Amino acid sequence: MEKIILTGDRPTGRLHLGHYVGSLKRRVELQNSGEYDKIFIMIADAQALTDNADNPEKVRQNIVEVALDYLSVGLDPAKSTLFIQSMVPELTELTFYYANLVTVSRLQRNPTVKSEIQMRNFETSIPVGFFTYPISQAADITAFKATTVPVGEDQMPMLEQCQEIVRKFNSVYDEALVEPKILLPENDACLRLPGTDGKAKMSKSLGNAIYLADDEKELKNKVMSMYTDPDHIRVEDPGKVEGNAVFTYLDAFSKPEDFEEFLPDYKNLDELKDHYKRGGLGDVKVKKFLIKILEKELAPIRARRKQWEQNIQGVYEILKKGSEVAEAVAAQTLADVKAAMKINYFDDGALIREQMEKYGNK
Ligand code: ATP
Ligand code: MG
């Protein structure tokens, strides 16, 4: 069986460190590993519209921002198909058929949708499109017969729901769909990177993000004002590393060689944590170390972005070509799905002959 990746992002803002460790970095590694036959990376504009009905301009403006972020982290259009969701109308048609295989109560139980409804104050009036977006996400994944979906932990319930749809479809109709597997980050701190405010998830919608496109000054300011341990008031006080966002980021980003390069007084992160817990280590020192590590990782990304920013026409061309490639693949899957459902009436010679016989046609 072919190894195929599908994943993507909503164009609701620029991409941030949470996206980077949760999914982007992995995608680039998988892309360059040469182990995958096809890689599809989708800018999910139609999904973004499900909770931005009042602000379509935000979605429209952010498509190119997300594409610039993709190119700047090293996604390569020669190896990965970058495309825009709404340019592949077959996805909507698949969604419509899959919707028959999912109950309202099953959607209501989806924990990610539940918490997103709360976050967006949708409790009293949930847009239908938003409520059903897990179904459309199943269409996105299965349209490309994806075997592997590299995403952050918040996407686990979406993947489970997609697997259920695939099983149901394949058992009710013919086996036309491939069941995908989720690929979560290996490092626990990257499963769901907290915001700079210490809140559970760095998110474009919460204003607690460090963006890949932030310049060095913004990066410094954001790290210097990051949430740490509120009880760690004087340097000599013992500090907590659990729930301390600065240490979570160090868990996510620091490598053994960073200590040698930037903080040779400590051999590794455990030593640094021990000192912080004992007391006598100030937040500022730890934050300055984090800034150096992040700057090392982000500087080349920023530089590549600057280059692509000079070629916006080229970025749109990449998306257009990618969308054409993606549509051809999705159209084939839709044809397979319709054949499995036996709603391909005009290609169904047996059905036509049966009806002819029924009415005594010669
Ligand atoms: P929105 O607030 O509009 O939903 P978002 O910041 O949650 O935006 P998405 O486009 O929904 O971003 O997510 C894209 C991908 O990034 C998904 O694979 C998701 O799991 C991953 N991701 C997003 N935020 C984080 C995070 N804080 N930590 C790890 N992975 C994340
Ligand atoms: Mg999200």
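Not measured: the values here are computed from a predicted model.

Focus on the site of ligand 1
- Around ligand 1, the structure places 23 residues, and the nearest of them are Thr12, Asp154, Leu193, Lys201 and Ser205.
- Separating a nitrogen atom of ligand 1 from a backbone N or O atom of Leu193 is a distance of 2.8 Å.
- Within the contact set of ligand 1, an oxygen atom lies 2.5 Å away from a side-chain nitrogen or oxygen of Lys201.
- Protein contact buries 98% of the 600 Å² of open area that ligand 1 shows by itself.
- Those elements giving two or more residues to the shell around ligand 1 turn out to be strand 1 (4–9) and helix 1 (17–33).
- The biggest single contributor to the shell around ligand 1 is helix 1, with four residues.
- Across the shell around ligand 1, the residue classes break down as five nonpolar, eleven polar and seven charged.

Focus on the nonpolar core
- Leu17, Tyr70, Leu212, Leu250, Phe253 and Leu272 are the most contacted members of the largest nonpolar core, which totals 60 residues.
- Split by domain, the residues of this core number at least three in each of domain 1 (4–192 + 312–353) and domain 2 (216–308).
- Not counting residues within four places of it along the chain, the set of residues in contact with Leu17 comprises Leu193, Met202, Ile210, Leu212, Phe253, Leu294 and Leu298.
- Core analysis: the next-biggest nonpolar cluster, separate from the first, contains 37 residues, Met42, Tyr97, Leu334 and Ala340 among them.

Describing the domain arrangement of the chain
- Once the domains are mapped, the chain shows domain 1 (4–192 + 312–353) and domain 2 (216–308).
- Each of domain 1 and domain 2 has a C-alpha centre, and these two points are 34 Å apart.
- Across the contact, 18 residues belong to domain 1 and eleven residues belong to domain 2.
- Inspection of the domain 1/domain 2 interface yields three salt bridges.
- In this structure, Asp69 engages Arg305 in a salt bridge whose closest nitrogen and oxygen atoms are separated by 3.0 Å.
- Considering every element that reaches the side of domain 1 that touches domain 2, the biggest residue donor is helix 3 (residues 56–73), with six residues.

Thoughts on the packing of helix 4 (residues 90–98) against helix 15 (residues 312–341)
- Between helix 4 and helix 15, whose axes approach to 9 Å, the crossing angle comes to 30°. What the angle tells us is that helix 4 and helix 15 run roughly parallel. Handedness of the crossing formed by helix 4 with helix 15: left-handed. Contacts between helix 4 and helix 15 involve Glu90, Glu93, Leu94, Tyr97 and Tyr98 from the first element and Glu327, Ala330, Ala331, Leu334, Val337, Lys338 and Met341 from the second.
- Looking at the contact of helix 4 with helix 15, its residues break down into eight nonpolar, no polar and four charged.

Scoring rules and cut-offs
Residues numbered from 1 in each chain as written. Chains lettered and ligands numbered in written order. Predicted model: local features only at pLDDT ≥ 70, side-chain atom pairs only at ≥ 80, totals over all residues. Heavy atoms only, no water. Near = heavy atom within 4 Å. Polar contact = N/O pair within 3.5 Å; in protein donor to acceptor, adjacent residues only side chain to side chain. Areas by Shrake-Rupley, 256 points an atom, 1.4 Å probe, with all protein chains shown as cover. Helix = DSSP H or I, 4+ residues; strand = E, 2+ residues; numbered from the N terminus. Nonpolar A, V, L, I, M, F, W, Y, C, P; charged D, E, K, R; others polar. Core = buried A, V, L, I, M, F, W, Y, C linked by side-chain atoms within 4.5 Å. Buried < 20%, exposed > 50% of the residue type's maximum accessible area, 1.4 Å probe, protein only. Domains from an automatic or database assignment. Contact = heavy atoms within 4.5 Å. Salt bridge = Lys/Arg side-chain N within 4 Å of Asp/Glu carboxyl O. Axes fitted to C-alpha atoms, helices over the stretch in contact; angles between N-to-C directions. Parallel < 35°, antiparallel > 145°, perpendicular 65-115°, else oblique. Left-handed = near helix turned anticlockwise from the far one by under 90°.

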